[in-house]
Amino acid sequence: METMQQPARQTIADWQCDILIAGSGAGGLSAAVTAAHHGLNVLVAERAATCGGATARSGGWAWTPGNAFAKADGVNEPRDDFRSYLKAVIGEQDYDHERIEMFLENVPHMVSFFEQKTPLKFTPGAKICDIYGHLPGAGSGHRSVAATLFYAKSLPKHLLDILPDQYKMTSFWGMGIMAGQDLGHFLNAMKKPQSFLHAAKRFSIHVWDKAVHKRNMQMVNGLALIAKLVQAADEKGVRIEVNTAIKELIEDENGRIVGTYLKTPQGLVRVSAAKGVILATGGYPVNVERRKNFPRSPSGEEHWTLAPPEADGAGLALAESAGGYLDDSGRSPAAWCPVSLVKFKDGSEGAFPHIADRAKPGIIGVLKNGKRFVNEANGYYDYVTGMLNAVPEGEKVESWLIGDKRAVRSYMFGYAKPRPIPLQIYTDYLRCITEADTLDQLAEKCGIDPVGLMNTVAEFNQMAKAGKDIDFGRGDTPFNRSGGDASTGFPNPSLAPLGKDPYYAVKVQVGSFGTFAGIAVDAWSRVLRSDGSVVAGLYAVGLDQKSVFGGNYPCGGTNIGPALTFGYAAARHIAGVTAYEDDGSSFPSADYQGSF
Ligand SMILES: Cc1cc2nc3c(=O)[nH]c(=O)nc-3n(C[C@H](O)[C@H](O)[C@H](O)COP(=O)(O)OP(=O)(O)OC[C@H]3O[C@@H](n4cnc5c(N)ncnc54)[C@H](O)[C@@H]3O)c2cc1C
């Protein structure tokens, strides 16, 4: 880190701003838009060629309890319900009272601010349940929002140029599909005429866009969120520099952070940031050295993250250089996600996130011994935690999802898409799923104990027919059941027997959406030293800061909800604003049609 007394580096320019924000994901752009709205001169430095980081790859759902959409739908939950739920999930030891209060206070205003004062418009997740429905205060909907589908034809070229395509691993030929109604239509395209029409229309537009615009234009999920935040930032005068990495902090004689050096394509630039620097570089999930502290990951290589290559902990290293530190005291250091690997014919490899398939009836998860080990329909975090706990020490941490033909052709199964997409693409061409005529042959091919697997399936089938998973309680919570399928004819939407052959398997390994451990901060997201004092002028938001939920995953949207909220709150703190921007109304107004 440079101090004011040290000689200056050789630079090509000096730039001035009020706030320098490193990183253009949910955390960085939320802060940028909010600060610019309050009249500050904001510069966003983005190391990649396009904006959005992991956020642009993501499902884009943000946990936002108490948001105004809920109120518009007549759901007025007391804040104590959110506290009770979080306390039950997190536990006393990791419950960070001050930061959670800051989150709960700011989250409804954050949603209303973006909805009312920027082009970002949200779709409420009225039916998205909290994961642990058996715990006190758990919600059964109305606690999350995502950006609405956005057709990017109206975006000016200079903004389109800094937006990535829809993430390859979770899109279909580059077309993103949104959780909820949109996905429902795609899954039912062969069953319902209106779903077929919806899917056909979306896909035709996509093919047209690929031909004419050479890219995806129907932006959904995290990409829609980033596109709208970029548009909002542009409208409010934020300067965004891509291919520009933050390299070094500059502190004044009082130890206050007053600027940075940026590495631009033209050379080093010295930036004076009068009101401070916000680190929003997306945590450290690709940093192999630091991953050695992950459980069951002695070399750091036993882990596949879905985050982009830039998420290597640059922000954390800078915070450490200024006296900050990594707080990894929470329950787990990363936001686990079960992944399977797909090798493409061009030699590239991708990690596919098993977000939805585990919960579908007719699909179970087993270990090498052929036994189930977890409630597969709980959160992705729980599936990985289950693997980490159940696989004996010294063995590779892996499991297999097993499904019958009905399930595999009705829903997504790993990277394999349902009917009418030919399954041979995945079994024979990409070879990312394994097929066999019998369960023991399938076990043989995968290296699973055949007797163990056959016994497990026989027992599971009995429980599925009875509608009760006595081993792991799958299907007991609203979250489990909403992830299932009520149309199978079996009593519990989360459970169906594995029926007719052939059978399929996909190997699942330990991965993550990003890190939960992060820079220690206070409720305003100011970076802290280990003695509790504040590093003046330095903030950390998004995955750069330690997870507000103490390394737990209480609900979908656990990362983006806090990233947007703490970005918003940090910017307001820097701007010295106390009055909220929203008008306090319960928007959307009279013409609101209700949520899906
Ligand atoms: C497939 C997938 C699905 C997901 N779904 C969800 C979901 O639905 N809900 C949810 O809550 N979470 C989800 N997540 C996780 C979530 O997307 C991320 O945790 C969150 O978006 C991180 O936001 P961020 O702003 O901290 O970082 P990012 O969005 O990663 O942004 C950080 C940015 O900083 C840039 N950067 C890095 N180093 C530097 C540097 N030195 N200088 C300048 N810039 C730098 C990066 O290039 C990047 O653009 C998902 C993740 C994935 C991959």
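Under an unreviewed UniProt entry, the protein chain has the name FAD-dependent oxidoreductase and belongs to Neisseria brasiliensis. According to its UniProt record, the protein chain has this under Cofactor (unreviewed entry): "FAD".

Attention now goes to the overall build of the protein chain. From N to C terminus, the protein chain includes 18 helices and 23 strands. Its C-alpha atoms give the protein chain a radius of gyration of 24 Å, near enough to 25 Å, the size a compact globule of 596 residues would have. Overall size of the protein chain, expressed as C-alpha extent along the three principal axes, is 75 × 55 × 50 Å. Within the span of the protein chain, comprising 596 residues, buried residues form 54% of the whole. Considering only contacts in the protein chain between residues 6 or more positions apart, those separated by 24 or more positions represent 75%.

This part is about unusual backbone geometry. Between Arg419 and Pro420 the backbone carries a cis peptide bond, its omega angle lying at 5°. The amide bond that connects Asp501 to the next residue, Pro502, takes the cis arrangement and shows omega of -5°. Within the secondary structure, Pro502 is located in the loop between α17 (478–482) and β20 (503–515). A positive phi is found at Arg296, a non-glycine position, where the angle reads about 55°. With respect to the helices, strands and loops of the structure, Arg296 is situated in the loop between α10 (288–291) and β13 (304–305). According to the C-beta neighbour criterion, Arg296 is partly exposed, with 16 such atoms within 10 Å.

Moving on, we get to the environment of Ala199. Examined against the element boundaries, Ala199 turns out to sit in helix α8 (residues 193–212). Distance from Ala199 to His185, taken between C-alpha atoms, is 6.4 Å for residues 14 residues apart in sequence. Those residues in contact with Ala199 that lie beyond four places of it in its chain are His185, Phe186 and Ala189.

A few words now on the site of the ligand. Taken together, 43 residues are adjacent to the ligand, and Gly23, Gly25, Gly53, Gly282 and Gly542 come closest. Listed by contribution, the elements that provide at least two residues to the shell around the ligand are α1 (26–37), α2 (53–57), β10 (245–251), β20 and α18 (560–575). When residues of the shell around the ligand are assigned to their parent elements, the largest contribution, four residues, is made by α2. For the shell around the ligand, the residue count by class is 18 nonpolar, 21 polar and four charged.

It is worth spelling out the environment of Asp469 at this point. Here Asp469 is to be found in the loop between α16 (450–466) and α17. For Asp469, a count of 22 C-beta atoms within 10 Å puts it in the buried group. Residues Asp469 and Leu495, 26 residues apart in the sequence, show an inter-C-alpha distance of 8.0 Å. When residues no more than four places from it in sequence are discounted, the contact partners of Asp469 are Met463, Arg474, Gly475 and Leu495.

As a general point, the strands of a sheet are linked pairwise by backbone hydrogen bonds and lie either parallel or antiparallel. Strands sit in the order β4-β6-β5 across an open sheet of three strands; the sheet is antiparallel. The open sheet has two free edges, formed respectively by β4 (62–63) and β5 (122–124), since each of these has just one partner strand. Pairing of β5 with strand β6 (residues 144–147), which is carried by three bridges, proceeds in the antiparallel orientation. Note that in β6 the partner of Thr123 across the bridge is Ala146.

This paragraph deals with the nonpolar core. Counting residues in each nonpolar core, the largest one holds 180 residues, and the members touching the most others are Ala32, Val42 and Ala233. The contact partners of Val42, leaving out residues within four places of it in the chain, are Cys17, Asp18, Ile19, Ile21, Ala32, Ala35, Ala36 and Val238.

A separate point is the domain arrangement of the protein chain. Domain parsing of the protein chain yields domain 1 (12–166 + 216–333 + 516–595), domain 2 (177–214) and domain 3 (336–512). Spacing between the C-alpha centres of domain 1 and domain 3 amounts to 33 Å. Each partner contributes residues to the interface: domain 1 has 17 residues there, and domain 3 has 20 residues. Residues belonging to the side of domain 1 that touches domain 3 are distributed by class as follows: seven nonpolar, six polar and four charged.

What UniProt calls "domain: FAD-dependent oxidoreductase 2 FAD-binding" (unreviewed entry) maps, in this numbering, to residues 18–559. The span residues 18–559 shows a helical share of 31% and a strand share of 20%, and its end C-alpha atoms are spaced 27 Å apart.

Axis separation between helix α15 (residues 439–446) and α16 bottoms out at 8 Å; the angle between their running directions is 135°. Relative to α16, the element α15 is oriented oblique. For the pair α15 and α16, the crossing hand works out as right-handed. Of α16, the residues touching α15 (which contributes Leu439, Asp440, Ala443 and Glu444) are Pro450, Leu453, Met454 and Val457.

Next up on the list: helix α9 (residues 221–235). With 15 residues, α9 should cover 21 Å at 1.5 Å per step; its first-to-last C-alpha distance of 21 Å lies within 8% of that length. Among the 15 residues in α9, 13 count as buried, and that is most of the element. At the exit of α9 stands Gly237, carrying a positive phi of roughly 90°.

Looking at the secondary structure, you find Phe186 in helix α7 (residues 181–187). The exposure class of Phe186 is buried, given the 22 C-beta atoms found within 10 Å. In this structure, the C-alpha to C-alpha distance between Phe186 and Glu398, residues 212 residues apart in sequence, is 30 Å. Sequence-distant contacts of Phe186, defined by excluding residues within four places in its chain, comprise Ile177 and Ala199.

Another aspect to go through is the pairing of strand β18 (residues 398–404). Counting buried residues in β18 gives six out of seven residues, a clear majority hidden from the surface. Relative to β18, strand β17 (residues 363–366) is paired through four bridges, and the arrangement is antiparallel. Bridge pairing links Ile363 to Gly403 in β18. One ladder, built from seven bridges, connects β18 with β20; its direction is antiparallel. Residue Gly403 lies in a different strand from β20, and its bridge partner there is Tyr504.

With 20 residues, α8 extends 28 Å from end C-alpha to end C-alpha; this agrees with the ideal 28 Å at 1.5 Å per step. Of all 20 residues in α8, two are buried; the element is thus mostly exposed. Phi for Lys214, located one or two positions after α8, is positive at around 65°.

Criteria and cut-off values
Residues numbered from 1 in each chain as written. Predicted model: local features only at pLDDT ≥ 70, side-chain atom pairs only at ≥ 80, totals over all residues. UniProt positions renumbered as here; feature names shortened; annotations may be inferred. Helix = DSSP H or I, 4+ residues; strand = E, 2+ residues; numbered from the N terminus. Rg over C-alpha atoms; globule rule 2.2 N^0.38 Å. Buried ≥ 20, exposed ≤ 12 C-beta atoms within 10 Å, placed from the backbone. Contact = placed C-beta atoms within 7 Å. Near = placed C-beta within 6 Å. Nonpolar A, V, L, I, M, F, W, Y, C, P; charged D, E, K, R; others polar. Pairing = 2+ DSSP bridges. Core = buried A, V, L, I, M, F, W, Y, C linked by C-beta atoms within 7 Å. Domains from an automatic or database assignment. Axes fitted to C-alpha atoms, helices over the stretch in contact; angles between N-to-C directions. Parallel < 35°, antiparallel > 145°, perpendicular 65-115°, else oblique. Left-handed = near helix turned anticlockwise from the far one by under 90°. Expected span 1.5 Å × (residues − 1).

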